[in-house]
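# Geometric and topological summary
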Amino acid sequence: MIPVAKPYLPSRERLEKYIDGIYERQWLTNNGQLVQELTRRLEDYLGVENLLLVSNGTLALQIAYRALGIHGPVNGQPAEAITTPFTFIATASSLKWDGIQPVFVDINPQTWCLHPANIEAAITQNTRAIVPVHVFGNACDVEAIDAIAQKHSLKVIYDAAHAFGVKYKGESLLKHGDAATLSFHATKLFHTAEGGAIIFKRKEDMERAKKMINFGITGPETIEALGINAKMSELQAAMGLCVLDEMDVNVQGRKAVWCRYEKVLGQTLQLQVRPKELDYNYAYFPIVLQSEKRVVRLAAQLRENGVLARRYFYPSLESVTCLGLEVSQSISKDIASRILCLPIFSDLKSSDQARIVSIVMSPLGD
Ligand SMILES: *Cc1c(COP(=O)(O)O)cnc(C)c1O
């Protein structure tokens, strides 16, 4: 089966060298040498400051909410955060899990990111934050969102799980917002098997979060704040350092796959529209078909031919009842029903890709 995504496996020899070091130092976690090294190297690679490594991308979001103080109730009622229904479940469920009510507003039909024009109407007395997603690595309208946040004194936390290495107007997209979070799950562009990071705008917020990820413990006998365990281990950092060493191969491989898809499918199918000033990371290749019926049929046809395409992100999250919000968001619902992500990873064989493309292009008939 050709999967939709495949973890990038770096040179085993390289990984073993790092593991030798771990055995020598006999230090496995708690802000070890490799975690510190990966922090510096990622700040350098991404062109950002105040980066904090954590154990996964979901806790990255939760720690960001708490470090920015948006989780507490407002006048005895749950705080609210405005977010998008067109995303992976963790964006919204992490809010709800932390007692913050997600409030969905609809997306832009072209970029598939939260539409700034819909935000202000959803702001209430209880709104504390906006949590937009740079979905599939596309840039949200960061200028418009920042302006609305300033006007209403709201915090902005970007779920940038897909936006590793993406640049906007020549600078890291991750510099926008009070915080931006990354996921380093195995199937993401850059990974540490499981892991994540938060990039904070302000150093003091990063320092607060740093205490939170280690139970609030700040010294051998001092517990300064309420915390949780969200530390990255040395083994995860070792994987990350190796993947980072080979980032060029990884991105160039994906870029080749991405460009071949785009050349053939871009003529006839609806693709995500990205701003001109965006330097993309080639992490995903979603297509939108004319109808849900076609998506189901094409996915089945691909599966019969040993190809696993996935319906990311389906369903639109307002239909997930445990989130407590069932107001239909029509554009998100429509795009979610017609979207399909095609396999993309750095060593996807061109013969396999040609096969995928010919199935996608074949007349399906209704
Ligand atoms: C992967 C992902 C997450 C969750 O990250 P984990 O590291 O798996 O916890 C959150 N948001 C989005 C948009 C994601 O794609």
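Values in this document were obtained by computation on a predicted structure and should not be read as measured data.

### Structural notes on the overall build of the protein chain
Each helix and strand counted, the protein chain has 11 helices and 14 strands in total. Its C-alpha atoms give the protein chain principal-axis dimensions of roughly 70 × 55 × 35 Å. Classification of the 366 residues of the protein chain by burial places 54% in the buried group. Look at the contacts in the protein chain between residues 6 or more apart in sequence, and 71% of them connect residues 24 or more apart. When the 39 positive and 39 negative side-chain charges of the protein chain are each reduced to one mean point, those points stand 4 Å apart.

### Here's the deal with the sheet that holds strand S6 (residues 167-168)
Picture the strands of a sheet paired through backbone hydrogen bonds; they go either parallel or antiparallel. Spatial ordering of the open sheet is given by S7-S6-S12, a layout of 3 strands whose pairing is antiparallel. With one partner strand each, in any of the chains shown, strand S7 (171-172) and strand S12 (278-279) form the two edges of the open sheet. Two elements, S6 and S7, share 2 bridges in a ladder whose sense is antiparallel. Of the residues in S7, the one forming a bridge with Lys167 is Ser172.

### Digging into the pattern of salt bridges
All chains considered together, the criterion is met by 18 salt bridges. Asp352 is the salt-bridge partner of Arg355, the closest N and O atoms lying 3.5 Å from each other. One end of the pair, Arg355, and the other, Asp352, are both in helix H11 (residues 350-361), 3 residues apart, so they sit about a helical turn from each other. Residue Arg355 is classed as partly exposed on the basis of its relative accessible area, which comes to 34%. Within this structure, Arg14, Arg41, Asp245 and Glu246 form a network of salt bridges that share partners.

### Details of the environment of Val54
Summarising the element assignment, Val54 is placed in strand S1 (residues 51-54). As for Val54 and Asn118, which are separated by 64 residues in sequence, their C-alpha atoms are 32 Å apart. Apart from residues no more than four positions distant in its own chain, Val54 is found in contact with Ala60, Gly195, Gly196, Ala197, Ile198, Ile213, Ala230, Lys231 and Met232.

### A short note on the sheet that holds strand S8 (residues 179-183)
Strand order in the open sheet formed by 7 strands is S1-S9-S8-S5-S4-S2-S3, with mixed pairing between adjacent strands. On the outer flanks of this sheet lie S1 and strand S3 (101-104), each paired with one strand and no other. Taking the axes of each pair of neighbouring strands and ignoring which way they run, one obtains an average angle of 25 degrees across the sheet. Bridge count for S8 against strand S9 (residues 196-200) is 5 bridges, and the pairing is antiparallel. Note on S9: the bridge partner recorded for Ala179 is Phe200.

### Quick notes on unusual backbone geometry
Between Tyr312 and Phe313 the backbone carries a cis peptide bond, its omega angle lying at -5 degrees. Inspection of the secondary structure assignment puts Phe313 in the loop between helix H9 (292-304) and helix H10 (330-338). The omega torsion across Tyr314 and Pro315 is 0 degrees, close enough to zero to call that bond cis. With respect to the element layout, Pro315 can be found in the loop between H9 and H10.

### Concerning the packing of aromatic side chains
Scanning the entire structure with this criterion turns up 16 aromatic pairs. Ring geometry for Tyr312 against Phe313: centres 5.7 Å apart, planes inclined by 35 degrees, an arrangement best described as tilted. Each residue in the set Phe86, Trp112, Phe136, Tyr284, Tyr312 and Phe313 is aromatic and connected to the rest through ring pairs, giving one cluster. Above the face of the Tyr314 ring, Arg311 is positioned so that its terminal group lies 3.8 Å from the ring centre.

### A word on the domain arrangement of the protein chain
As far as domains go, the protein chain holds domain 1 (12-245) and domain 2 (247-365). Centre-to-centre, using C-alpha coordinates, domain 1 lies 25 Å away from domain 2. Facing 40 residues of domain 1, the contacting portion of domain 2 comprises 37 residues. Summed over both partners, the interface of domain 1 with domain 2 comes to about 3300 Å²; 66% of that surface belongs to carbon and sulfur atoms. On the domain 1 side of the interface with domain 2, the three residues burying the most area are Trp112, Phe136 and Leu189, jointly 24% of the side's total.

Criteria and thresholds
Residues numbered from 1 in each chain as written. Predicted model: local features only at pLDDT ≥ 70, side-chain atom pairs only at ≥ 80, totals over all residues. Heavy atoms only, no water. Helix = DSSP H or I, 4+ residues; strand = E, 2+ residues; numbered from the N terminus. Buried < 20%, exposed > 50% of the residue type's maximum accessible area, 1.4 Å probe, protein only. Contact = heavy atoms within 4.5 Å. Lys, Arg positive; Asp, Glu negative; His and termini not counted. Charge placed at Lys NZ, Arg CZ, Asp CG, Glu CD. Pairing = 2+ DSSP bridges. Salt bridge = Lys/Arg side-chain N within 4 Å of Asp/Glu carboxyl O. Axes fitted to C-alpha atoms, helices over the stretch in contact; angles between N-to-C directions. Phe/Tyr/Trp six-rings, centres within 6.5 Å; stacked < 30°, edge-to-face > 60°. Lys NZ or Arg CZ within 6 Å of the ring centre and 35° of its normal. Domains from an automatic or database assignment. Buried area = accessible area lost by both parts, 1.4 Å probe.

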